[in-house]
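Fold and geometry: a report
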Amino acid sequence: QVQLVESGGGLVQAGGSLRLSCAASGRTFSTYAMGWFRQAPGKEREFVAAISYSGGYTYYADSVKGRFTISRDNAKNTVYLQMNSLKSEDTAVYYCAARFAPTYSRDTYYSTEDSYDYWGQGTQVTVSS
């Protein structure tokens, strides 16, 4: 079992930056592939970024590529999402997600919701224009 708690959301002006954190419980965090998703009002939840459990491979949605960076610190059981050059269309509730990845999948990332087993409660990001 893994419990995920997001933090770092808030209100920011367009062009600004925020760093989201997702703290995971459990001593096997390093064996979980992680992802960030978001859901804007009236829209379906969408993929934002993913990172393999090795940390060596990342993948981004086209809408955030070049502006967002996903990273992880396995010693702190935490995954981060650094968001720069924020736009009003980035306004959403951001969720982190986790799935167990066996050793042979250590460099695999996952970009679909149904790939993940555990979800956080979400953190609100609001970008004012």
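Just above, that's the structure.
I will try to describe carefully the structure that is included in this document. (Residues numbered from 1 in each chain as written. Predicted model: local features only at pLDDT ≥ 70, side-chain atom pairs only at ≥ 80, totals over all residues. Heavy atoms only, no water.)

Mapped onto the secondary structure, T91 falls in the loop between β8 (78-83) and β9 (92-100). T91 gets classed as buried once you look at its relative accessible area, which sits at 18%. A polar contact of 3.0 Å, which involves the side chain of T91, links it to the backbone oxygen of S88. At a separation of 2.9 Å, a polar atom in the side chain of T91 contacts the main-chain amide nitrogen of V127. (Helix = DSSP H or I, 4+ residues; strand = E, 2+ residues; numbered from the N terminus. Buried < 20%, exposed > 50% of the residue type's maximum accessible area, 1.4 Å probe, protein only. Polar contact = N/O pair within 3.5 Å; in protein donor to acceptor, adjacent residues only side chain to side chain.)

Let's shift gears to the state of the cysteines. For the structure on display, the rule yields one disulfide. Each disulfide pairs two cysteine sulfurs, and for C22 the partner residue is C96, the sulfurs being separated by 1.9 Å. Disulfide C22-C96: the torsion about the S-S bond is 45°, which places it as right-handed. Of this pair, C22 sits in strand β3 (residues 18-24) while C96 sits in strand β9, and the two are 74 residues apart along the sequence. The exposure class of C22 is buried, given its relative accessible area of 0%. (Disulfide = S-S within 2.5 Å.)

What follows deals with the nonpolar core. Residues M34, W36, L81, M83 and Y94 are the most contacted members of the largest nonpolar core, which totals 39 residues. Among the secondary structure elements, those contributing two or more residues to this core are β3, β4 (32-39), β5 (46-51), β7 (68-73), β8, β9 and β11 (123-128). Non-local contacts of L81, meaning those with residues more than four positions away in its chain, are made with L18, R19, L20, W36, V48, A49, F68, T69, I70 and Y94. (Core = buried A, V, L, I, M, F, W, Y, C linked by side-chain atoms within 4.5 Å. Contact = heavy atoms within 4.5 Å.)

We now examine the pattern of salt bridges. In this structure the tally under the stated criterion is six salt bridges. Two residues, E113 and R45, come together in a salt bridge whose shortest N-O distance is 3.1 Å. Here R45 lies in the loop between β4 and β5 and E113 lies in the loop between β9 and β10 (118-119), a separation of 68 residues in the sequence. By relative accessible area, which is 25% here, R45 ends up partly exposed. (Salt bridge = Lys/Arg side-chain N within 4 Å of Asp/Glu carboxyl O.)

Below, the discussion takes up the environment of Y53. Position of Y53 among the secondary structure elements: in the loop between β5 and β6 (58-60). If near-sequence neighbours (up to four positions away) are discounted, Y53 is found in contact with S30, T31, Y32, A33, R72, N74, A101, P102, T103, S105, R106 and T108.

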